[in-house]
Amino acid sequence: MAGNSQRRGRTTGAGKKTATAGTGGKNRRALAGRGATPPAAERYGHPAQRRAQAAERQRAERTRARQRAEEAPELLLGRNPVVEALRAQIPATALYVVTGDTARATDERITEALGLAAARGLPLLEVGKAEFDRMSQGALHQGIGLQVPPYDYAHPDDLVDLARNSGRPPLLVALDGVTDPRNLGAVVRSAAAFDAHGVVVPQRRAVGMTASAWRTSAGAAARIPVARAVNLARTLASYQDAGLQTVGLAGDGDVDLHEYDGFADPVALVVGAEGSGLSRLVREKCDVVVRIPIDRETESLNVSVAAGIALYAAAAARR
């Protein structure tokens, strides 16, 4: 009992405790505690942390897979698609034909494809059906395939330089979240028809210049550059800094298309995806949002049709 009373302080005769010697701060860090408890996903060994790590690995693998797919040649399959691609002068590196295909000697489309490929000097590679099934990953190929190299994208800044060197006010088209390659190809075709200087597409959550987009452009993709933006909103901000007015196109725009009077000036026309329209961040980067007046019973226009109408209005204002 005496030892305990000494640690807790001496007791005076009146029953009161006197002050004891301090620790000199030796226990201060222990008394201060360890701060707020981190989230479960950040605690080492916690199940939530292991799940978060697994999800991050899956995201990284999907990103790597997408990059590998973009950097690898595309194999366009089927008799009609191959013939149409060769007619449109889509860049290609080889024509694959399955050996022993009974339709090869009688199908006019295969005969035409062989003739078009030979005229361009494309290598003709004969493969067995089992090997071609593996190459096409089980997709319907009809015994023929065209190997298309990855598209050579321009940098978004290159389009501004190209426009300034043309002697005409810049006219660019930016597509926000368009996922159908046929819509992309149709917009590229309209952009070339109405003297635009280039088309910009986002790197993520949007379609790129696939063989289908090439084919739909009807050769226009060889005459007008397509750029890929890592971040479309930042690219539009850089266009604004370069003196372009960013003009969004949406069904709920603030100004009717025929009332907008700025198309004769440097413009970047921004078109959203069909259905979802312009994303919030991209819309915030638009100086003005215009709309195409349509019949109330028609819910919306196809994105490529809407882009074509707006590009026609821009071309008319520049004459």
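Our structure is the block above this text.
What you are looking at is a predicted structure, and each value in this text was computed from that prediction instead of being measured. (Residues numbered from 1 in each chain as written. Predicted model: local features only at pLDDT ≥ 70, side-chain atom pairs only at ≥ 80, totals over all residues. Heavy atoms only, no water.)

Points about the pattern of salt bridges
The criterion, for reference: What makes a salt bridge here is a side-chain nitrogen of Lys or Arg within 4 Å of a carboxyl oxygen of Asp or Glu, nothing more. Think of it in three bands: with a 1.4 Å probe and only protein chains considered, a residue is buried below 20% of the maximum accessible area for its type, exposed above 50%, and partly exposed in between. Numbering of helices and strands runs from the N terminus, with a helix taken as a DSSP run of H or I at least four residues long and a strand as a DSSP run of E at least two residues long.
Counted under the stated rule, the structure contains ten salt bridges. The residue Arg109 makes a salt bridge to Asp107 at a minimum N-O spacing of 2.8 Å. Residue Arg109 is classed as partly exposed on the basis of its relative accessible area of 29%. Overall, the relative accessible area of 11% leaves Asp107 in the buried class. When the shortest N-O distance is used, the salt bridge between Glu131 and Arg134 registers 2.6 Å. Of the two residues, Glu131 and Arg134 are both situated in helix α6 (residues 129–135); the distance of three residues between them amounts to about one turn of the helix. The exposure class assigned to Glu131 is partly exposed, which follows from its relative accessible area of 35%.

Let's talk about the nonpolar core
Formally: Here, nonpolar core refers to any group of buried Ala, Val, Leu, Ile, Met, Phe, Trp, Tyr and Cys residues whose side-chain atoms link them within 4.5 Å. Here, two residues are considered to be in contact whenever any of their heavy atoms come within 4.5 Å of each other.
Leu146, Leu175, Val188, Val199 and Met209 are the most contacted members of the largest nonpolar core, which has 56 residues in total. Among the elements that take part in this core, helix α12 (residues 303–317) stands out by supplying six residues, more than any other. The residues contacting Leu146, other than those within four sequence positions of it, are Glu74, Leu75, Leu76, Val82, Ala85, Leu86, Ala92, Ala94, Leu95 and Leu122. Membership of the second largest hydrophobic core comes to 18 residues, among which are Val160, Ala174, Ala227 and Ala229.

Some points on the environment of Ala48
By the secondary structure assignment, Ala48 is in helix α3 (residues 47–71). According to the relative accessible area criterion, Ala48 is buried, its value standing at 15%. Discounting residues that sit within four places of it in the chain, Ala48 has contacts with Ala40 and Ala41.

Observations regarding the sheet that holds strand β5 (residues 171–176)
Strand pairing in a sheet relies on backbone hydrogen bonds. The paired strands run either parallel or antiparallel. Defined as follows: The rule for pairing is simple: two strands pair if DSSP sees at least two bridges between them. Between N-to-C directions, angles cover 0 to 180 degrees, with each direction set by a line fitted to C-alpha atoms, over the stretch in contact for helices.
Taken together, the seven strands give an open sheet; going across it, the order is β7-β6-β5-β10-β8-β11-β9, and neighbouring strands pair in parallel fashion. If you trace the sheet from one side to the other, it starts and ends with β7 (226–229) and β9 (255–256), each paired once. Pairing of strand β6 (residues 198–202) with β7, which is carried by four bridges, proceeds in the parallel orientation. The partner of Val199 across the bridge, within β7, is Val226. The strands that helix α8 (residues 181–193) touches are β5, β6 and β7; relative to β5, the one it contacts most, it runs at about 170°. Packed on one face of the sheet, helix α10 (residues 232–241) meets β5, β6, β7, β8 (245–249) and β10 (267–272) and runs near 160° to β5.

Notes on the packing of aromatic side chains
This is how the line gets drawn: Within 6.5 Å between ring centres, the rings of Phe, Tyr and Trp (the latter by its six-membered ring) count as paired, and their orientation is classed by plane angle as stacked under 30 degrees, edge-to-face over 60, tilted in between.
Taken as a whole and judged by the stated rule, the model has five aromatic pairs. On the basis of an interplanar angle of 85° and a centroid distance of 4.9 Å, the ring pair of Tyr260 and Phe263 is categorised as edge-to-face. The two residues Tyr260 and Phe263 agree in class, both being buried.

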